[in-house]
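Residue-level structure breakdown
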Amino acid sequence: MSCPILTRRGMLTAAAGAAMLPFARQAAHAETPVSLQLSWLHSVQFAGSYLAQKNGWWQDAGLDVSLLQGGPNAPVEPPVVSGSALVGISAADYTAAAVAQGAKFKIIGVAMQKNPFAIASLSGNPVTSPADLVGRKIGMALANTPVLQALCILNDVDFDAIEIVPTQYSAQPLVSGEVDCLLCWETDLPVAMAINGIEARTMLMADHGYAVHSQTYIATEDSLRDRRAELVALMSGELRGWQAYQADTDAAAELTVQMFPDAGLDLATQKLQAERQVPLMFSDLTAQRGFGWFSDDSVQANIKTLALLGREVTTDLWDRSILEEVHG
């Protein structure tokens, strides 16, 4: 089903009443309207952006930012290419694919310092290393076969010794014993299981060499050339929002549920997801250099992993210049 585009900042009303507004309110007319295209449906996954919007931090930077909801039928790249979104939230593999088709994208920031792909299992039959996959049944979407193959190559594991069972994206095949483990995101199916009293063991693939930047900020080369001030302002607001998120994930989850009452979000689930997202998004590197930073070493690791996924890229895909301005 198509996902609607949501604009969370309302338009100013009654032009006749504008003359009555205080100077500070009139200044809002000078804010530059831009859009940030999210990669998926509204959830605490994007709570730093919600905090930036709710607290007026983009407004402080001179922007009127609309958050465009993503989803299965709302790809990130087309709105950014067309200019209807200044920035999109994507991932290095998707961006590499778009660049291979001629898109002029740059990755200008990396929200998730660790890729969220994980192998989830139960404590009675745990998968704690890639070698443990040998002889096991893994439930996953067949579209993710290259991901599993890359993990096996990186860890010298016999891919053919693993039995792939095509499954829907659900914890049920693992809980019912149909499979021994699942390929999933660290922050969704394991969280759903925990909420239902089933504690999964998770092996984060990023801890075993699978390096693909996720929840990345992408912009076009044209925007980097012509709209730098807006990019710096947008990323400055993101920085403040995610700092607030890190300081109080429960408050971030509560705001998410309040802002999107029709999204079917469960507060307990959102709180746990927010908590488990923290070690993916914040690291020693971000503590030293700031939110969204990425190192030369991580770029090289991404190039290696992306090659295993059939995406040949160079360091030119990444551009730290906006982050350098944001973080001074």
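Higher on the page you've got the structure.
Note that the coordinates shown come from a computational prediction; the quantities given were computed from them, not determined experimentally.

Considering the sheet that holds strand S8 (residues 181-185)
Taken in spatial order, the 5 strands line up as S7-S6-S8-S5-S9 in an open sheet, and their pairing is mixed. Unpaired on one side and paired on the other, strand S7 (163-166) and strand S9 (200-204) mark the two borders of the sheet. In this sheet, adjacent strand axes meet at a mean angle of 35 degrees when their direction is disregarded. The pairing of strand S6 (residues 137-140) with S7 spans 4 bridges and is parallel. In the strand pairing of S7, Ile138 is matched with Ile164. Strands strand S5 (117-122), S6, S7, S8 and S9 of the sheet are contacted by helix H6 (residues 145-154), whose axis makes an angle of about 140 degrees with S6.

Details of unusual backbone geometry
In this model, Asp156 sits at a positive phi of 55 degrees, which is unusual for a non-glycine residue. Residue placement: Asp156 occurs in the loop between H6 and S7. Backbone geometry places Gln215, a non-glycine residue, at a positive phi of 50 degrees. Position of Gln215 among the secondary structure elements: in strand S10 (residues 214-220).

Some details on the packing of aromatic side chains
With the rule as written, the count across this model stands at 6 aromatic pairs. Relative to Phe291, the ring of Phe282 has its centre 6.1 Å away and its plane inclined at 45 degrees; by these criteria the two rings are tilted. Classification of Phe282 by relative accessible area gives buried; the value is 12%. Here Phe291 falls in the buried class, since its relative accessible area comes to 6%. Among the aromatic residues, those joined into a ring-pair cluster are Tyr217, Trp242, Tyr245, Phe282 and Phe291.

Considerations on the packing of H6 against helix H14 (residues 296-308)
As a packed pair, H6 and H14 sit with axes 9 Å apart at the nearest point and diverge in direction by 120 degrees. When the axes of H6 and H14 are compared, the pair comes out oblique. Crossing of H6 over H14 shows right-handed handedness. Along its contact with H6, which presents Ala150, Ile153 and Leu154, the element H14 presents Lys304, Thr305 and Leu308.

Cut-offs and rules
Residues numbered from 1 in each chain as written. Predicted model: local features only at pLDDT ≥ 70, side-chain atom pairs only at ≥ 80, totals over all residues. Heavy atoms only, no water. Pairing = 2+ DSSP bridges. Helix = DSSP H or I, 4+ residues; strand = E, 2+ residues; numbered from the N terminus. Axes fitted to C-alpha atoms, helices over the stretch in contact; angles between N-to-C directions. Contact = heavy atoms within 4.5 Å. Phe/Tyr/Trp six-rings, centres within 6.5 Å; stacked < 30°, edge-to-face > 60°. Buried < 20%, exposed > 50% of the residue type's maximum accessible area, 1.4 Å probe, protein only. Parallel < 35°, antiparallel > 145°, perpendicular 65-115°, else oblique. Left-handed = near helix turned anticlockwise from the far one by under 90°.

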